[in-house]
Amino acid sequence: MQRLALPRLGAHRHRPVPSVPRVSADYEFGRPELAALARSMRLRLRDRGRQIASPDELRLAVSDMLGASLSAGDVEVRRIPGGLRTPETWHLRLRSVSPEARDLLDSMLAEARGVR
């Protein structure tokens, strides 16, 4: 009769867990690129009525779009100057996201800037 070797209780705790690569990225863009990015995001999210005109709205839209790719990540958005004055600069920072999430946003911003 052949004996089966069963793992000891708790043995799984000592095995290394494969790590998921995480990256960070910073983006800076103006109002025209924001408008093009917002249009692209509304199409991707299938939410044509969504407004993306404030830092919080952009942060929520990026978080929704990237979804599971952000599982351990973070999105931060700032508008400089902070009020509604032009010209304005938007800063978008992704922290600890998957490379796929970063690549998706890279391609969407390149499209918004007219670069393919």
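Residues numbered from 1 in each chain as written. Predicted model: local features only at pLDDT ≥ 70, side-chain atom pairs only at ≥ 80, totals over all residues. Heavy atoms only, no water.

**Overview of the sheet that holds strand β2 (residues 74-80)**
What counts, and what does not: At least two DSSP bridges between two strands are needed for those strands to be called paired. Counting from the N terminus, the helices are DSSP H or I runs at least four residues long and the strands are E runs at least two residues long. To obtain each axis, a line is fitted to C-alpha atoms, and for helices this fit is confined to the stretch in contact; angles are then taken between N-to-C directions over 0 to 180 degrees.
Strand order in this open sheet of 3 strands is β1-β3-β2, and the pairing throughout is antiparallel. The open sheet is flanked by β1 (23-29) and β2, the only strands paired with a single partner. Ignoring which end each strand starts from, the neighbouring axes of this sheet average 10° apart. With 6 bridges joining them, β1 and strand β3 (residues 89-97) adopt antiparallel strand pairing. Counted as the bridge partner of Asp26 is Arg93 from β3.

**Structural notes on the nonpolar core**
For soluble globular proteins, nonpolar side chains are generally found buried alongside one another. Our working rule: Here, nonpolar core refers to any group of buried Ala, Val, Leu, Ile, Met, Phe, Trp, Tyr and Cys residues whose side-chain atoms link them within 4.5 Å. Only protein chains enter the area calculation, which uses a 1.4 Å probe; residues under 20% of their type maximum are buried, those over 50% are exposed, and those in between are partly exposed. Two residues qualify as a contact provided that any one of their heavy atoms is within 4.5 Å of a heavy atom in the partner residue.
Core analysis: the biggest nonpolar cluster contains 26 residues, and Phe29, Leu37, Met41 and Leu58 have the highest contact counts within it. Of all the elements in the fold, those that place two or more residues in this core are β1, α1 (31-45), α2 (55-66), β2, β3 and α3 (99-112). Once residues within four sequence positions are removed from consideration, Phe29 is found in contact with Leu34, Leu37, Leu58, Glu88, Thr89, Trp90, Leu92, Leu109 and Arg113.

**With respect to the environment of Gln51**
On the secondary structure map, Gln51 appears in the loop between α1 and α2. Residues Gln51 and Ala61 lie 10 residues apart in sequence; the distance between their C-alpha atoms is 9.2 Å.

**A few points about the pattern of salt bridges**
The cut-off we apply is this: Any Lys or Arg side-chain nitrogen found within 4 Å of a carboxyl oxygen on Asp or Glu counts as a salt bridge.
A complete count under the given rule lists 8 salt bridges for this structure. Of the charged contacts in the structure, one is a salt bridge between Arg93 and Asp26, with a shortest N-O distance of 2.6 Å. Of this pair, Arg93 sits in strand β3 while Asp26 sits in strand β1, placing them 67 residues apart in sequence. Residue Arg93 is classed as partly exposed on the basis of its relative accessible area, which comes to 33%. Its relative accessible area of 52% is what places Asp26 among the exposed residues. Shared partners join several salt bridges into a network, and the residues in it are Asp74, Glu76 and Arg95.

**Observations concerning the confidence of the model for the protein**
Stated precisely, the cut-off is as follows: Per-residue confidence from the predictor is given as pLDDT, running between 0 and 100.
With 75% of its residues at a pLDDT of 70 or more, the protein has an overall mean of 80. The least confident element of the protein is α1, whose mean pLDDT is 87; the most confident is β1, at 94.

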